[in-house]
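# Fold and contact review
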Amino acid sequence: MSSKALDYESLNENVKKVQYAVRGELYLRASELEKEGKKIIFTNVGNPHALGQKPLTFPRQVVALCQAPFLLDDSNVSLLFPADAIARAKHYLSYTSGGLGAYSDSRGLLEIRKEVADFIGRRDGYPSDPELIYLTDGASKGVMQLLNAIIRGQGDGILVPVPQYPLYSAAIALFGGSFVPYYLEETANWGLSAADLGQSVAQARAKGITVRAMVIINPGNPTGQCLSEANLRDILQFCYQENLVLLGDEVYQQNIYQDERPFISAKKVLMDMGGPISRELQLVSFHTVSKGYWGECGQRGGYFEMTNIPSRSVEEIYKVASISLSPNVPAQIFMGLMVNPPKPGDISYDQFVRESKGILESLRRRARIMTDGFNSCMNVVCNFTEGAMYSFPQIRLPPRAIEDAKKAGKAADVFYCLKLLEATGISTVPGSGFGQKEGVFHLRTTILPAEEDMLEIMESFKKFNNEFMEQYEDHPGYPRM
Amino acid sequence: MQNFSVVSSFPLKPACTFTIPKYIVKFPPLRLCSRLHTSSLTSSTMDPSPLTIDTINPKVLKCEYAVRGEVVTIAQRLQQELKDNPGSHPFEEILYCNIGNPQSLGQHPITFFREVLALCDHPFLLDKSEISCLFSADSIRRAQKILGLIPGKATGAYSHSQGIKGLREAIAAGIEARDGFPSNPDDIFLTDGASPGVHMMMRLLIRSESDGLLCPIPQYPLYSASIALHGGTLVPYYLNEATGWGLDISELKKQLHAARSNGMSVRALVVINPGNPTGQVLTEENQKQIVEFCKKEGLIILADEVYQANVYVPEKQFHSFKKVARSMGYGEKEISIVSFHSVSKGFYGECGKRGGYYEVTGFSADIRAQIYKLASVNLCSNIAGQILASLIMNPPKAGDDSYESYLAERDGILSSLARRAKTLEDAFNSLEGVTCNKAEGAMYLFPQIYLPEKAIKAAAAAKTAPDAFYCKRLLNATGIVVVPGTGFGQVPGTWHFRCTVLPQEEKIPAVVSRLSEFHEDFMNQFRD
């Protein structure tokens, strides 16, 4: 055979354009080193259970019972499972036609979508329609489905915050759309700049791009900032004026580490605004079981809720969902349990609260430890992690380091992160993977390592950073940033 | 290892570069300006609303998927009506024979698999002595073994993007035991069901409408839908109904050359074996011809082998395409093959778990890196599905505690499926104007119905395809849900529908009699 049917040249160009640094170069290098026997601390991805966080007990009990319904018929089951877990399992099984092994409705089991709708209603104070809630195999699949529906070609642009979680840039590249950045202002706690939003849109339009949608990530990833109600109002107003679908990535809504800005959903603010905007502004909101204090990444459970999307568009979205038949049923149950957890008076309530609070309070403490640790370094400035799971310190790199990086054919932050990895085993993601202003460098790490390991990890980082700066800094005793 | 190019500044920078402030100005938490002046923004022609039927991606509009299409939507409505108002229809229940969803129609899961999954979901149980009353000893050992393969025993963590290494090794071992040829765990990608793997390959292969994929007609409409969604062109090759849905190489050649002479770049051949909806199992000879053809023409083989455990006739056997190719002496340099498998079918029927994998062989390292990269964007497939995939490829063996009961469950299900397939096949063949090929494998029957001219006219008047007309009538009269042949493709002018063999065995006689009664009435009404 003269030439292969599929070689690099004949690959779909859009696939080649896709980049996803979270499991890119640094992660691959870290995996190599791990194989060689080096101890690696994987802080490249928001994957709590991989760093020792235990699953919540109650949901695992319920799902295990659903997996093996024969247990429910056995009198010994109450020796091993509390009565409320048994009851919940029976309940969920009754919603299915055939248990966990049957394809459900392509949107997910109706009863669970109702649980999600009830949760949204309680959270926001406005009713939610289960028919407009689609359960998905993780929030990412939902994001991809919506972007695929929106993007017709290169002429369609999507406004995405920079820095961003690179699912967005990857999906836009894959679907052949245009990435329209709006820069978050680091010196203003990663705030949105109204002028910049408008400017980004204007520039895109000047290039002939039709801006179709705007992504917000709230709480932010990698930046961690929580949007205020006023921020959200302005964003909603902006989208309404500019005729954009708002895509609200709210997967970190349970991860809030300060009290000044609790989580408010985009939908709530929209409904509060009332009037025509609340009936017309198109909004899709995303959530997941992977984050929060649940951290059940491996289940691949998520949903999206559509607001003001015309019914014919919903039908098309349904059609595409139906091609994949149904989201995985165990994860649907995790979602149901997450939005409808044990209540006061339930047997498992105390344990559930204890476990949840323990995780959240620890995350709050770790957010502080990490931020402070980074800020104690002369060449590092780090905004506080108000929410989500990450720390995104800015690292000033001396010119000679940048030069060395260039010689090695690497971006400066990649160079730094690789050296950090080799020296300490800490596997981070260079800021270039998320986007940053020209000449400004960051890295993203998670706040997920076990609390007892945190101080040691920060010490390890500081030691490396000091040595790096000693090596590359021209003037010893460098000035503080 | 592929060096992903990482850029220091973001690909789409705005025209003006931002300069780093020389001094840090601490702003209070930023509020957006209270009013944006729309007049200051350039407004191009604004779509009336960002996501409407007029502005949605046209490829989404173009794709179709009849398995959960129109007839099913009507069925759901009828089901609700029955619930709200019992007796409102001439049948007691809706019988969904539209979809290969065995457990929704009463098929039981394999006990051993569920035992292992439950223990992996809640490993706390493994420390309890009481579990020996509830779980088989080998399921406990297997769960412990599997958890040992997972870093930190954390089933709630994202795994390696190809799936947990130890599980891929188990699957590779299972493939090797099945085929007699080695399988590399690094060639395996675990996915949320087989379907995402198919989408992945379409994504890689389709650059434009000029890229064609050879697909069998009739086909499982995932292929047509996925090709449409990714903007490619489906190049049909017709299976021969007269010869039990035979795959003729002459037909392949004809279609390939026609497509090429139209300027199309045909990249791959989709082959579904055992077939869906057609149910035929390819002979080894036929498979060798196909391999030879693809090798000669430089086509990738996309081998959908999800029904490999569903073979009902003693004269046929499943052979994987990889095995056939290797037995011909063709290795990775000679032929590219992607093999798809799933936990949804077979005798395990675990559709709701979304477990599956694809095995890629014969691709260069840089292509493999691209496949990995795409897989990584979704991080990983669900862990329980991964575990299940490893279980189906590595089930209880002779001597294991669960072996006997596993065999009994497996053979019970398979023999029942074979009986139901035969009963329904005979039933269809006994209907006036209906011929039905044998289901040698898979889960479906695809009878051809002769529709009289009067029926065709009535269908046209109802603005519906003739086979859809028949299926809707069938549904309204009997509550039985099948999928019109148009959804799968058929020789123009012929009409079919796809019916699963999955209703419980005790219900089959009622299905047969209701169907026969309906058909007789239909023919009485529309006979020429």
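Residues numbered from 1 in each chain as written. Chains lettered and ligands numbered in written order. Predicted model: local features only at pLDDT ≥ 70, side-chain atom pairs only at ≥ 80, totals over all residues. Heavy atoms only, no water.

To continue, consider helix H17 (residues 508-526) of chain B. Residues and elements named next belong to chain B. With 19 residues, H17 should reach 27 Å at 1.5 Å per residue; the first-to-last C-alpha distance of 26 Å fits that figure. The set of residues buried in H17 consists of Ile-508, Val-511, Leu-515, Phe-518, His-519, Phe-522, Met-523 and Phe-526. Each buried residue of H17 sits inside an arc of 130° when the element is viewed along its axis, so together they form one side. Of the exposed residues in H17, the ones pointing more than 90 degrees away from its buried face are Pro-509, Glu-517 and Glu-520. (Helix = DSSP H or I, 4+ residues; strand = E, 2+ residues; numbered from the N terminus. Expected span 1.5 Å × (residues − 1). Buried < 20%, exposed > 50% of the residue type's maximum accessible area, 1.4 Å probe, protein only. Arc of directions from axis to C-beta.)

All right, on to the UniProt feature "domain: Aminotransferase class I/classII large" (unreviewed entry) in chain B then. Look at the UniProt record and you will see "domain: Aminotransferase class I/classII large" (unreviewed entry) annotated at residues 153-514 of chain B. Across residues 153-514 of chain B one finds 41% helix and 16% strand; the C-alpha atoms that close the span lie 52 Å apart. (UniProt positions renumbered as here; feature names shortened; annotations may be inferred.)

To continue, consider the interface of chain A and chain B. Every contact between the two is made by 134 residues of chain A and, on the other side, 126 residues of chain B. Taking both partners together, chain A and chain B bury about 11,300 Å²; carbon and sulfur atoms supply 59% of that area. Run the count over chain A and chain B and you get one salt bridge. One can count 42 residue pairs in polar contact (both at pLDDT 80 or more) joining chain A with chain B. If you tally residues by element for the side of chain A that touches chain B, the top one is helix H13 (residues 311-323) of chain A, at nine residues. Here the side of chain A that touches chain B is composed, by residue class, of 61 nonpolar, 46 polar and 27 charged. (Contact = heavy atoms within 4.5 Å. Buried area = accessible area lost by both parts, 1.4 Å probe. Salt bridge = Lys/Arg side-chain N within 4 Å of Asp/Glu carboxyl O. Polar contact = N/O pair within 3.5 Å; in protein donor to acceptor, adjacent residues only side chain to side chain. Nonpolar A, V, L, I, M, F, W, Y, C, P; charged D, E, K, R; others polar.)

The next thing to look at is the sheet that holds strand E8 (residues 283-288) of chain A. All names here are of chain A. Ordered by their spatial adjacency, eight strands build an open sheet running E2-E9-E8-E7-E6-E3-E4-E5, and the pairing between neighbours is mixed. Here the strands that pair on one side only, and so sit at the sheet edges, are strand E2 (133-136) and strand E5 (191-192). Note: E2 against strand E9 (residues 302-307), four bridges, orientation antiparallel. Bridge pairing links Tyr-134 to Phe-304 in E9. In the packing of helix H7 (residues 139-150) onto the sheet, contacts are made with E2, strand E3 (156-162), strand E6 (210-217), strand E7 (245-249), E8 and E9, and the angle to E8 comes to roughly 160°. (Pairing = 2+ DSSP bridges. Axes fitted to C-alpha atoms, helices over the stretch in contact; angles between N-to-C directions.)

For E9(A), the buried fraction is high: six of the six residues fall into the buried class. Side chains A:Gly302, A:Phe304 and A:Met306 of E9(A) all project onto a buried face; the interleaved residues A:Tyr303, A:Glu305 and A:Thr307 project onto the opposite face, where all are buried too.

Moving on: the nonpolar core. Residues A:Met214 and B:Leu302 are the most contacted members of the largest nonpolar core, which totals 338 residues. Discounting residues that sit within four places of it in the chain, B:Leu302 has contacts with B:Met201, B:Met202, B:Leu205, B:Leu213, B:Ala268, B:Leu269, B:Val270, B:Val271, B:Val338 and B:Phe340. (Core = buried A, V, L, I, M, F, W, Y, C linked by side-chain atoms within 4.5 Å.)

Now for the sheet that holds strand E2 (residues 188-191) of chain B. Residues and elements named next belong to chain B. Pairing is mixed across the open sheet formed by seven strands, whose spatial order is E2-E8-E7-E6-E5-E3-E4. Edge positions in the open sheet fall to E2 and strand E4 (233-238), since each of these has one partner strand only. Averaged over all pairs of adjacent strands, the angle between their axes in this sheet comes to 20°, without regard to strand direction. Pairing of E2 with strand E8 (residues 356-361), which is carried by four bridges, proceeds in the antiparallel orientation. For Leu-190, the partnering residue across the bridge sits in E8 and is Tyr-357. Along the sheet face, helix H9 (residues 249-261) touches strand E3 (211-217), E4 and strand E5 (265-272) and points at about 150° away from the line of E4.

The full count for this structure, using the stated rule, is 50 salt bridges over all chains. In this structure, A:Arg60 and A:Glu296 form a salt bridge, with 2.8 Å as the shortest nitrogen-oxygen distance. Residue A:Arg60 is located in helix H3 (residues 57-67), and its partner A:Glu296 is located in the loop between E8 and E9; the two are separated by 236 residues in the primary sequence. Note on accessibility: A:Arg60 and A:Glu296 belong to one class, buried. Among the ionic pairs, B:Asp401 bridges to B:Arg141, the shortest N-O distance being 2.9 Å. Note that B:Asp401 is positioned in the loop between helix H13 (383-392) and helix H14 (403-429) and B:Arg141 in helix H5 (residues 137-149), a separation of 260 residues in sequence. One network of salt bridges, with partners in common, ties together A:Asp105, A:Arg107, A:Arg113 and A:Glu131.

Right, let's get into the UniProt feature "domain: Aminotransferase class I/classII large" (unreviewed entry) in chain A. Residues annotated by UniProt as "domain: Aminotransferase class I/classII large" (unreviewed entry) correspond here to residues 82-454 of chain A. Helix makes up 45% of residues 82-454 of chain A and strand 16%, whereas the separation of the span's terminal C-alpha atoms amounts to 35 Å.

Another point: the domain arrangement of chain B. It is common to report an interface's size as the accessible area lost on association of the parts. Residue and element names in this part refer to chain B. Each assigned domain of chain B is listed here: domain 1 (63-106 + 407-526) and domain 2 (158-392). When each unit is reduced to the centre of its C-alpha atoms, the spacing between domain 1 and domain 2 is 28 Å. Domain 1 puts 34 residues into the contact, and the matching count from domain 2 is 36 residues. Of the roughly 2,800 Å² buried at the junction of domain 1 and domain 2 (both faces included), carbon and sulfur atoms supply 59%. (Domains from an automatic or database assignment.)

This model, assessed by the stated rule, comprises 36 aromatic pairs over all chains. For the ring pair A:Phe468 and A:Tyr472, a centre distance of 4.8 Å and an interplane angle of 45° mean the geometry is tilted. Taken together, the positions of A:Phe468 and A:Tyr472, both in helix H18 (residues 451-472) and four residues apart, correspond to about one turn of that helix. Assessed through its relative accessible area of 2%, A:Phe468 is described here as buried. One aromatic cluster in this structure is built from B:Phe428, B:Phe469, B:Tyr470, B:Phe497, B:Phe518, B:Phe522 and B:Phe526. Its end group placed over the ring of A:Phe384, A:Arg368 keeps NZ or CZ at 4.1 Å from the ring centre. Lying over the aromatic face of B:Tyr444, B:Arg498 brings its terminal NZ or CZ to 3.9 Å of the ring centre. (Phe/Tyr/Trp six-rings, centres within 6.5 Å; stacked < 30°, edge-to-face > 60°. Lys NZ or Arg CZ within 6 Å of the ring centre and 35° of its normal.)

The residue after A:Val162, namely A:Pro163, is reached through a cis peptide bond having omega 5°. Although it is not a glycine, A:Asn308 sits at a positive phi angle of roughly 60°. Here A:Asn308 lies in the loop between E9 and H13. For A:Asn308, a relative accessible area of 24% gives the class partly exposed. Positive phi is not limited to glycine here, since B:Trp245 has a value of about 65°. With respect to the helices and strands, B:Trp245 occurs in the loop between E4 and H9.

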